[in-house]
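Spelled out, the chains give:
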Amino acid sequence: LEMKIFFKTKAEIDKMRDVNRIVAEILNLVEERCKPGVSTAELNEVADRGLKKLGALSAFLGYATPPYPAVLCTSVDHVVVHGIPRKDVVLKEGNIIGIDFGAIKHGFVGDSARTVMIGQVSDEARKLVEATKRSLDLAIERCVPGNRLQDIGWAVQSFVEPLGYSVVRKFVGHGIGRAMHEDPQVPNYGEPNKGLRLKAGLVLAIEPMINAGGPDVELLDDGWTAVTRDGALSAHFEHSIAITENGPEILSR
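The paragraphs below set out a description of the structure included in this document. Predicted model only: the values in this text are computed from it and were never measured.

Some remarks on the layout of surface pockets
So, step 1. Size it by volume and the largest pocket reaches roughly 510 Å³.
So, step 2. What lines the largest pocket is a set of 27 residues, and nearest its centre among them are Y63, H82, F171, H181 and W224.
So, step 3. Counting residues per element, the lining of the largest pocket draws most heavily on strand β8 (residues 182–186), which supplies three residues.
So, step 4. Tallied by class, residues from the lining of the largest pocket come to 13 nonpolar, seven polar and seven charged.

So, the side chain of S240
So, step 1. Along the chain, the position of S240 falls in strand β14 (residues 239–244).
So, step 2. On the basis of relative accessibility, which here comes to 0%, the residue S240 falls in the buried class.
So, step 3. Looking at S240, its side chain comes within polar contact range of the main-chain oxygen of D111, at 2.8 Å.
So, step 4. Not counting residues up to four positions away in its chain, the partners in contact with S240 are N20, D111, I176, L204, A205, E249, I250, L251 and S252.

Details of the side chain of S135
So, step 1. Relative to the helices and strands, S135 resides in helix α3 (residues 123–141).
So, step 2. In terms of polar contacts, S135 uses its side chain to reach the backbone carbonyl oxygen of T132, at 2.7 Å.
So, step 3. Beyond its immediate sequence surroundings of up to four residues, S135 is in contact with V156, F159, V160, P208 and I210.

Thresholds, definitions, all that
Residues numbered from 1 in each chain as written. Predicted model: local features only at pLDDT ≥ 70, side-chain atom pairs only at ≥ 80, totals over all residues. Heavy atoms only, no water. 1 Å grid on protein atoms, 1.4 Å probe; cavity = no way out; pocket = protein on both sides within 12 Å on 5 of 7 lines; lining within 4 Å. Points joined across faces, edges and corners; volume = space filled by probe spheres on them. Helix = DSSP H or I, 4+ residues; strand = E, 2+ residues; numbered from the N terminus. Nonpolar A, V, L, I, M, F, W, Y, C, P; charged D, E, K, R; others polar. Buried < 20%, exposed > 50% of the residue type's maximum accessible area, 1.4 Å probe, protein only. Polar contact = N/O pair within 3.5 Å; in protein donor to acceptor, adjacent residues only side chain to side chain. Contact = heavy atoms within 4.5 Å.

So this is what it looks like as structure tokens:
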């Protein structure tokens, strides 16, 4: 199928910058509450209050089928993405948790995620989180006009695989704008110098999902929660990136 790419004007990127700053601010508030003894349902409440205070709408609540039931995704330890906040999931020392959040304002969507370490974590967990974050930084560096789409995924894959980690292939990054998921899809793997030529005005949500074990994931019965098939830890980071003539701009910082 032919892709439908929406290039953004400077004025549209200004609006996307505004909503992504709201996303970043709320993620900061959620991260501050990521402590032992706090439930993931409480984290969702923090995000919901932030949306109301800052005058934005949730990009997640009611999304897709079955409708997503919260404003925040909370993915603990072996949960890869889309973990649903629950009162009976309570953070403990040594956990890692992916917090993924999206908002809508001015008719545009912002989307970002980060993995937070709860108290003292194992060396295995810390190294995985640090490597996943670094892989996102490397991917963002490839977001310059003239490069190709698969350069982004190759930057992730070529960094994490030599460290013994695997790249989740079932879920990918995406274009973002007036809709949360726009063309093109942005896999976290690929071959250098292949795929769509990157141009100024393209806005991408880049989100490496990296497993300490194998790449395979399973979907739980709730229709959303994706876990590693082998029970190994998983980490996730995401930023919304505008490609400009001057290079990449991280809108969700």
